[in-house]
Amino acid sequence: MQVGATEREAGSDRMDQRVTNEKSQVQVIARAAAILRALEDEANGLSLGQIAQRVNLARSTVQRIVAALAAEKLLIAASPTGRVRLGPTILRLAASARTDFVALARPFLVKLSNELNETVDLATVKKDHLIFVDQVIGPQRLRAVSAVGETFPLYCTANGKAYLAALDDVAVARLIGTSFERRTPNTIIRVADLLKELKAARKSGVAFDREEHTLGICAAGVVLRDLVGNDLAISVPVPAQRFHAQEKMIAERLLATRRALEEHLAAAAA
């Protein structure tokens, strides 16, 4: 009996050790991801001390993780004094992921455009602005069209507001400030007023631009994340004279498109 009890205890110890090892591995991955995010848009790189401060880790821990990432060329030296920046491997992976998502999302954008007979845009979020990465142009003679690669602010666009609605109020103010440039008579220019609108967007899942960025153009937008955690937004810009009669249907079809795309992404990742 004693032997059996000892074997059970040994088995339990091995199980505990496996769980501990797995948690440790997950923690290392999370820390490595935090370091990579800290270096985003830092073309001149950061020192180990600066990285440690940003990710709230000991410098020795940062040094070990940075060395491992550099061995895989995910990080490279940015200066002779020890600064590091994102390396060519991660840049290739990021470009591939974005291209793959655009290709993957394209049929969903086309379907939505066909359902609504309107233009559909896909944008990615870059700090405090959007970058359009794909567009399906609607068949109407009077339509809204933006160039792929064009940038837009977050606070006065439907897709931008959809992204902001995914943040808490403190993060919104920290990202875009408390007052904004007036682009049209309808533009919201104070953060307190914007936060009221974001509260409604969080509840419905859809954000709106009612001639706030450009007079004569309204839009609805939703936000989602791709397979590697990048925030992207789908929006439908429509001339104001057609938008109000279709607003409810546009919102419903946008939500349905987001659900279908998220389900497709989940299946692809499984």
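Above this text sits the structure in question.
Student: Which residues make up the overall build of the chain, and what are the values?
Tutor: Broken down by element type, the chain carries eight helices and eight strands. Looking at the chain residue by residue over its 270 residues, the buried ones come to 43%. Considering only contacts within the chain whose residues lie at least 6 apart along the sequence, 54% involve residues at least 24 apart. When the accessible surface of the chain is totalled, it reaches about 15,100 Å², and 54% of it is carbon and sulfur.

Student: Requested: an account of the side chain of Glu247, with residues and values cited.
Tutor: Locating Glu247 in the fold gives a position in helix α8 (residues 240-269). With residues up to four places along the chain from it excluded, the contact list for Glu247 reads Phe208 and Arg210.

Student: Tell me about the packing of helix α2 (residues 48-55) against helix α3 (residues 59-71), and name the residues and values.
Tutor: The geometry of a pair of packed helices is captured by two quantities: the angle between their axes and the separation between those axes. Contact pair α2 / α3: the axes reach a minimum separation of 9 Å and the direction vectors enclose 110 degrees. Classed by the angle they form, the pair α2 and α3 counts as roughly perpendicular. Of the residues in α3, those touching α2 at Leu48, Gly49, Ile51, Ala52 and Val55 are Arg59, Val62, Gln63 and Val66. Each residue belonging to the contact of α2 with α3 can be placed in one class, and the counts come to six nonpolar, two polar and one charged.

Student: Give me the lowdown on the pattern of salt bridges, citing residues and values where you can.
Tutor: Under the defined criterion, the tally for this structure stands at 13 salt bridges. Notably, a salt bridge pairs Arg190 with Asp193, separated by 3.6 Å at the nearest N-O pair. The network of salt bridges with common partners includes Lys111, Glu115 and Arg253.

Student: Describe in detail the side chain of Glu212, supporting the description with residues and values.
Tutor: Examined against the element boundaries, Glu212 turns out to sit in the loop between β6 (207-210) and β7 (217-225). Residue Glu212 is classed as buried on the basis of its relative accessible area, which comes to 4%. Leave out the neighbours within four places in its chain, and Glu212 touches Tyr155, Cys156, Lys161, Arg183, Thr184, Asn186, Thr187, Ile188 and Glu197.

Student: Break down the packing of aromatic side chains for me, with residues and values.
Tutor: Inspection of the entire model under this criterion finds three aromatic pairs. Taken together, a centroid distance of 4.8 Å and an interplanar angle of 20 degrees make the contact between Tyr155 and Phe180 stacked. Taken together, the residues span a long stretch of sequence, with Tyr155 in the loop between β5 (151-153) and α5 (158-164) and Phe180 in the loop between α6 (169-176) and α7 (191-204) at a distance of 25 residues. Judged by relative accessible area, Phe180 falls into the buried class, the value being 10%.

Student: Quick one: what's the story with unusual backbone geometry, residue by residue and with numbers?
Tutor: You will see that Lys73, though not glycine, has its phi angle at about 60 degrees, which is positive. Tracing the backbone through its elements, the reader meets Lys73 in the loop between α3 and β1 (75-77). Within the chain, Asn117 stands out as a residue other than glycine whose phi angle is a positive 55 degrees. Inspection of the secondary structure assignment puts Asn117 in the loop between α4 (88-116) and β3 (120-126).

Student: Can you break down the nonpolar core residue by residue, with the values?
Tutor: Core analysis: the largest hydrophobic core is formed by 30 residues, its most contacted members being Phe101, Leu122, Ile234, Val236, Ile250, Leu254 and Leu261. Taken together, the elements giving at least two residues each to this core come down to α4, β3, β4 (129-136), β7, β8 (231-239) and α8. Here Ile234 is in contact with Leu109, Leu112, Val120, Asp121, Leu122, Ala220, Gly221, Val222, Leu224, Leu254, Thr257 and Leu261, once residues within four sequence places are set aside. Leu164, Ala165, Ile176 and Val191 belong to the second-largest nonpolar core, a separate cluster that totals 23 residues.

Student: Talk me through the pairing of β7; I want residue IDs and the actual numbers.
Tutor: The buried fraction of β7 amounts to seven of the nine residues, a majority that puts the element mostly inside the structure. Bridge count between β6 and β7: four bridges; the pairing is antiparallel. Each residue of the ladder has a partner; that of Phe208, found in β7, is Ala220. Count of turn residues in the β6/β7 antiparallel hairpin: six residues, of which Glu211 carries a positive phi of about 60 degrees. Pairing of β7 with β8, which is carried by nine bridges, proceeds in the antiparallel orientation.

Cut-offs used in this document
- Residues numbered from 1 in each chain as written.
- Predicted model: local features only at pLDDT ≥ 70, side-chain atom pairs only at ≥ 80, totals over all residues.
- Heavy atoms only, no water.
- Helix = DSSP H or I, 4+ residues; strand = E, 2+ residues; numbered from the N terminus.
- Buried < 20%, exposed > 50% of the residue type's maximum accessible area, 1.4 Å probe, protein only.
- Contact = heavy atoms within 4.5 Å.
- Areas by Shrake-Rupley, 256 points an atom, 1.4 Å probe, with all protein chains shown as cover.
- Axes fitted to C-alpha atoms, helices over the stretch in contact; angles between N-to-C directions.
- Parallel < 35°, antiparallel > 145°, perpendicular 65-115°, else oblique.
- Nonpolar A, V, L, I, M, F, W, Y, C, P; charged D, E, K, R; others polar.
- Salt bridge = Lys/Arg side-chain N within 4 Å of Asp/Glu carboxyl O.
- Phe/Tyr/Trp six-rings, centres within 6.5 Å; stacked < 30°, edge-to-face > 60°.
- Core = buried A, V, L, I, M, F, W, Y, C linked by side-chain atoms within 4.5 Å.
- Pairing = 2+ DSSP bridges.

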